[in-house]
Amino acid sequence: MPEGTGGTPPRTLAEALRTQGDGSLVALLRARPDLLNPVPSDLSQLATRAGTRASVVRALERLDRFTLQTAEALAVATEPASYDTLRALLTGDEGDPEIEAVLPRAVETLRDRALIWGADDRLRLVRTARELLAPSPTHPSPTGLGPTVAEATAGMSPGRLQEILTAAGLPSTHDPVSAVASLTALFTDRTRMAALLDTAPVEALSVLDRLVWGPPYGEVTSSPTPPVQWLRDRGLLLPATTRTVVLPREAALHLRAGRAHRTPEPVAPAIAPRASDASAGARPQVVDNTAAGQAYTALATIEELAKDWNEGGPNVLRAGGLSVRDLKRTATALDVTESVAAFWVELAYAAGLLAADGETDERYAPTPAYDDWQELPAPERWARLATAWLTATRTAGLVGSQDSKGRTLAALGPDLDRGAAPEVRRRILDLLATLPEGTAPDPESLLARLRWERPLRGASGTGRHDDLRARLAAWTLNEAEMLGITGRGALASHTRALLAPDAAGTPAATDVTRASVASAATDAAHASGDPAATADGVRTPADLAAAGVRAAHALAPLLPEPLDHVLLQADLTAVAPGPLLRPLAELLAIAADVESKGGATVYRFTPGSVRRALDAGQSASDLHDFLRNHSRTPVPQPLAYLIDDVARKHGHLRVGAASAYVRCDDEAVLDEILADKRSQGLRLRRLAPTVLAAHADAVTLLDGLRVMGFAPAAESAEGDVMITRAHAHRTPPRTPPAPVPDGPPTPDTALLSAAVKAIRAGDLAATVVHKPVPEPSGSGSAALASVAAASRNGALPRTTSAETLATVQAAAMTGSAVWIGYVNADGAASQRVIAPVRVEGGYVTGYDHTADEVRTYPLHRITGVAELADDPA
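Notes on the structure follow. As the structure is a computational prediction, the values presented were derived from the model and not from experiment. (Residues numbered from 1 in each chain as written. Predicted model: local features only at pLDDT ≥ 70, side-chain atom pairs only at ≥ 80, totals over all residues. Heavy atoms only, no water.)

Helix and strand counts for the protein chain stand at 35 helices and 25 strands. When each of the 873 residues of the protein chain is scored for burial, the buried share is 47%. By element, 54% of the accessible surface of the protein chain is carried by carbon and sulfur atoms, the whole surface being about 41100 Å². (Helix = DSSP H or I, 4+ residues; strand = E, 2+ residues; numbered from the N terminus. Buried < 20%, exposed > 50% of the residue type's maximum accessible area, 1.4 Å probe, protein only. Areas by Shrake-Rupley, 256 points an atom, 1.4 Å probe, with all protein chains shown as cover.)

Structure below.
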């Protein structure tokens, strides 16, 4: 029977773990997944790994404020501490029902995460956690407490200790140990300590008031003031260094009325509604409509970005990412600020819609996935963006800031991944979901809640909370509003569907195609590096895809239906009162320039835009028919005249690639071009009455003539008019960037169950009690003597081949288990517990308790065998 069971208190964390059931081990490994890499061979190795500094720091960082305060209080208590002692440190002499109600949960959380162990009457922090949380001169405790009397007086001369006892009114002792114990007993006795402080000067009490809540250290001169000297004489201030003194922990606790923390926070702070919403009431419909409008704007912005980069976007910097100049140009094209442009660029990249093309002159461009994305209905396109944003670790808010080496972080560049981003985004949305529908939170109360939930990650070390998690929270609120996750700061109904942990309410196949669901699942699979954890466990890529389908179904009724018409006006403008069908929007974008955006988009027709449509292959009659068929108002006469006038001039001049030439049947037009001073840079000369040659290339010649007010048309080598259309540049197929997880991913239930079985089996082999090999009685028994010594020292058993064969055969006949030493083909030695069932042909087949399966072992690789004192089966 393992030690630590059967009523014997466990002496180590490993023994404490052996007393726990499989459910507790599963909870430990789920809360601390770093302990699983690799799977520990037994519980002793698991306990050792759980006590390493890196693992303990990670576990402490994931504690809420009160649970952390509980661990801090335990770190200043004498070890082992009882539950009553811990409760007194947190509640003080007066008690606190609120703390007493939640303290059991905090203790259970610490025990489940193997940060404390032992029964309630013997609670112990793991050694590393105590080192991290206990007060020390180099590492002050968050409690503000200093060292104990015993720690502060270590190294003090016995004569000085006796002087302190005499000044404090205590009898002298014979040794320093009893002197320290006597002084400690005085400081921990409420009545005697109160009587001592009643005799203190008022100025001395003022000194104690400045030190009581920390820091407990103060500087003194070689000639301290009388109040300080009074405190030093009685041990209420003990020397820390030659120039500093410290208030002992026991004295500070008396002054604090037994409370370890000045302000315990047993309950998470509530999230307050925004001041403007406190009396306005819930407006769910307004929130949904606002969020739906932002969602549609997000789709339009991504399409506009892809259109801007359609023929090949900005060059990729040598170090990766966009240059500052290219980001500014993109921001101008999208009519947004540079920080907002960085967000849209990073979102498109995270969704796999943009990537680098991988060419020699590497540029960014849309991916083939973008064309597939464009074919989806608008709600499903938004769901793709929302799920990509929710799980992405790339953080656009960092663009423009500097890394630890002083280098500026570029959009789409390296070093933008922050593993905590998905967790912060998901947590903020979950907190918003707890508010009544239509209610926006107060940002400060939201940040206070996040700091309470992760205080170590929220501490900047300077007393301020300008930390990464706070910045991530602020960025999340802004990005959620831009993306249509929230409306007016409140969570939208379609986002609640996205956050739902189950598949209830998934629309039928008629609402979303099976292909789109499969495609969404494929995209979500790239987020599996950092799965989004829900209250029920881990969200798999299939869960994310199903959530996106539900969100799309909820968003669909809120998005406006695309229109097939515009309103033409006499001032050469066209008003689109809503979103347009894709063919109409594409042609209108070519034939007119966007003048303003908003609830209605205003397009303006200009000679340049009409010429652009003619260059794209449209004829004047095509444009007239297009406008007539898609306008709810008659085509204004000025617009008709503009189209006819530009069409009449279009193609009158022909530009070819003879490096290059201009030909025209009207010699007077060529004379006018030659006479124009603006043509000097083109270096034109007449080759024939109707032909001019230029040193400039065809594109430069075309642009130059258009600046001069002409409308030339390009022609091919055969003399045909060339139709110029935008060349869509696409990257090779690309996968979205994989999120960089913040630590190991949360294991699923199957992995946890298998790991616990393996640990249990390995622990059985390591701790099982076997019968000792009897001591040899006669001479010439050196071999048996060495076997007995090996058995006593815990080494692999060593027996002869005949003894090994006889023992395993007997075990097979009786159905008992034996302990064997085994050396595999690579020469690695191990010990195992097996229950033999068959011995034949030089092999033994049996159930291996260590591997938890039936295995066959060659007898010649078994170093020895020993019977077990207790049959583990």
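Along its 14 residues, helix H35 (residues 801–814) runs 20 Å from first to last C-alpha, staying within 8% of the 20 Å computed at 1.5 Å per residue. Along H35, the positions that sit buried rather than exposed are Thr 804, Val 808 and Ala 811. The arc that holds every buried residue of H35, seen down its axis, measures 60 degrees, which confines them to one face. Residues of H35 that are exposed and point more than 90 degrees away from the buried face comprise Ala 802, Met 813 and Thr 814. (Expected span 1.5 Å × (residues − 1). Arc of directions from axis to C-beta.)

With that settled, consider the packing of helix H5 (residues 65–75) against helix H6 (residues 83–91). As a packed pair, H5 and H6 sit with axes 9 Å apart at the nearest point and diverge in direction by 115 degrees. The chirality of how H5 crosses H6 is right-handed. Only Leu 86, Leu 89 and Leu 90 of H6 make contact with H5, whose side of the interface consists of Phe 66, Gln 69, Thr 70, Ala 73 and Leu 74. Its residues assigned to classes, the contact of H5 with H6 shows six nonpolar, two polar and no charged. (Axes fitted to C-alpha atoms, helices over the stretch in contact; angles between N-to-C directions. Left-handed = near helix turned anticlockwise from the far one by under 90°. Contact = heavy atoms within 4.5 Å. Nonpolar A, V, L, I, M, F, W, Y, C, P; charged D, E, K, R; others polar.)

Counting residues in hydrophobic clusters, the biggest one holds 89 residues, and the most contacted among them are Leu 29 and Leu 46. Apart from the residues within four sequence positions on either side, Leu 46 is in contact with Leu 17, Leu 25, Leu 28, Leu 29, Leu 35, Pro 40 and Ile 759. Core analysis: the next-biggest nonpolar cluster, separate from the first, contains 70 residues, Ala 295, Ala 298, Phe 343 and Leu 347 among them. (Core = buried A, V, L, I, M, F, W, Y, C linked by side-chain atoms within 4.5 Å.)

Looking now at the environment of Gln 162. Note that Gln 162 resides in helix H10 (residues 158–167). In this structure Gln 162 touches Ser 172, Thr 173, Asp 175 and Ala 179, once residues within four positions along its chain are discounted. Here the side chain of Gln 162 touches Thr 173 through a polar contact of 3.1 Å, landing on its backbone nitrogen. (Polar contact = N/O pair within 3.5 Å; in protein donor to acceptor, adjacent residues only side chain to side chain.)

Using the criterion set out here, one finds 36 salt bridges in the structure. Glu 108 is the salt-bridge partner of Arg 111, the closest N and O atoms lying 3.5 Å from each other. Here the residue Arg 111 and the residue Glu 108 both occupy positions in helix H7 (residues 97–112), the gap between them amounting to three residues, near one helical turn. On the basis of relative accessible area, Glu 108 is assigned to the partly exposed category, the value being 38%. A salt bridge links Arg 612 to Asp 593, with the shortest nitrogen-to-oxygen separation between them at 2.8 Å. Taken together, the positions of Arg 612 in helix H28 (residues 607–615) and Asp 593 in strand E14 (residues 593–596) put the pair 19 residues apart, joining distant regions of the chain. (Salt bridge = Lys/Arg side-chain N within 4 Å of Asp/Glu carboxyl O.)

Note: strand E21 (residues 818–823) against strand E22 (residues 829–840), six bridges, orientation antiparallel. The residue bridging Trp 819 from the neighbouring strand is Val 833, located in E22. Between E21 and E22, which pair antiparallel in sequence order, lie five residues; one of them, Gly 827, sits at a positive phi of approximately 85 degrees. With six bridges connecting them, E22 and strand E23 (residues 843–848) associate as antiparallel partners. Following the sheet pairing, Ala 835 is matched in E23 by Tyr 847. (Pairing = 2+ DSSP bridges.)

Here we take up unusual backbone geometry. Following Asn 37, the chain continues into Pro 38 via a peptide bond in cis, with omega recorded as -5 degrees. The topology assignment puts Pro 38 in the loop between helix H2 (22–31) and helix H3 (43–50). A cis amide bond, omega -5 degrees, links Glu 79 with the succeeding residue Pro 80. As for its position among the elements, Pro 80 is in the loop between H5 and H6. The phi torsion at Arg 488 lies on the positive side, around 55 degrees, for a residue other than glycine. Tracing the sequence through the fold places Arg 488 in the loop between strand E8 (486–487) and strand E9 (490–491). Since its relative accessible area comes to 44%, Arg 488 is described here as partly exposed. Here the phi dihedral of Leu 572 falls at roughly 65 degrees; this positive angle occurs in a residue that is not glycine. Relative to the assigned elements, Leu 572 resides in the loop between strand E12 (567–569) and strand E13 (573–576).

Take the sheet that holds E12 next. Pairing within the open sheet is antiparallel, and its four strands lie in the order E12-E13-E15-E14. Each having just a single partner strand, E12 and E14 make up the two edges of the open sheet. Shown here is a sheet whose adjacent strand axes are inclined to one another by a mean of 30 degrees, direction ignored.

Another aspect to go through is the sheet that holds strand E5 (residues 244–246). Backbone hydrogen bonds are what pair the strands of a sheet, in a parallel or an antiparallel way. Here three strands make up an open sheet; going across it, the order is E3-E5-E4 and the pairing antiparallel. The open sheet has two free edges, formed respectively by strand E3 (217–219) and strand E4 (238–239), since each of these has just one partner strand. Looking at chain direction, E4 and E5 are connected through two bridges and run antiparallel. Residue pairing in the sheet places Pro 239 in a bridge with Val 245 of E5.

Packing of helix H21 (residues 421–433) against helix H23 (residues 468–483) brings their axes to within 9 Å, and their N-to-C directions diverge by 60 degrees. It follows that H21 is oblique to H23 by the angle criterion. The interaxial crossing formed by H21 with H23 has right-handed handedness. Between H21 and H23, the contacting residues are Ala 421, Glu 423, Val 424, Arg 425 and Ile 428 on the first element and Arg 469, Leu 472, Ala 473, Thr 476, Leu 477 and Glu 479 on the second. Broken down by class, the residue content of the contact of H21 with H23 amounts to six nonpolar, one polar and four charged. (Parallel < 35°, antiparallel > 145°, perpendicular 65-115°, else oblique.)

Further remarks concern the environment of Ala 613. As for its position among the elements, Ala 613 is in helix H28. Here Ala 613 falls in the buried class, since its relative accessible area comes to 0%. C-alpha separation for the pair Ala 613 and Ile 590, spaced 23 residues apart in sequence, amounts to 5.6 Å. Aside from chain neighbours lying at most four places away, what touches Ala 613 is Ile 590, Ala 591, Gln 618 and Leu 623.

Glancing now at the pairing of strand E18 (residues 684–688). Of the pairings in the sheet, the one linking E18 to strand E19 (residues 691–694) comprises four bridges and is antiparallel in character. Bridge pairing links Arg 685 to Ala 693 in E19. If you look at the hairpin formed by E18 and E19, you'll find two residues sitting between the two strands.

Here we take up the packing of aromatic side chains. Counted by the stated rule, this structure contains four aromatic pairs. The interplanar angle of 55 degrees and the centroid separation of 4.9 Å between the aromatic rings of Phe 343 and Trp 344 together place this pair among those described as tilted. Seen from the ring of Trp 373, Arg 381 lies directly overhead, with NZ or CZ sitting 5.4 Å from the centre. (Phe/Tyr/Trp six-rings, centres within 6.5 Å; stacked < 30°, edge-to-face > 60°. Lys NZ or Arg CZ within 6 Å of the ring centre and 35° of its normal.)

For Glu 72, the position within the fold is in helix H5. At 7.4 Å, Arg 65 is the nearest oppositely charged side chain to Glu 72, a buried residue that forms no salt bridge. When near neighbours in sequence (up to four residues on either side) are disregarded, Glu 72 contacts Leu 133, Pro 142, Thr 143 and His 261. (Lys, Arg positive; Asp, Glu negative; His and termini not counted.)

So, about helix H12 (residues 190–198). Among the residues making up H12, those that are buried are Met 193, Leu 196 and Leu 197. Angular distribution of buried residues about the axis of H12 spans 95 degrees; they occupy a single face of the element. More than 90 degrees from the buried face of H12, the exposed residues found are Thr 191 and Asp 198.

One can find Val 818 in strand E21. The spatial distance from the C-alpha of Val 818 to the C-alpha of Val 865 is 6.7 Å, given a sequence separation of 47 residues. The contacts of Val 818, once residues within four sequence positions are left out, are Thr 807, Ala 811, Arg 832, Val 833, Ile 834, Pro 836, Val 865, Ala 866 and Leu 868.

As far as function goes, none of this settles anything; it's purely spatial.
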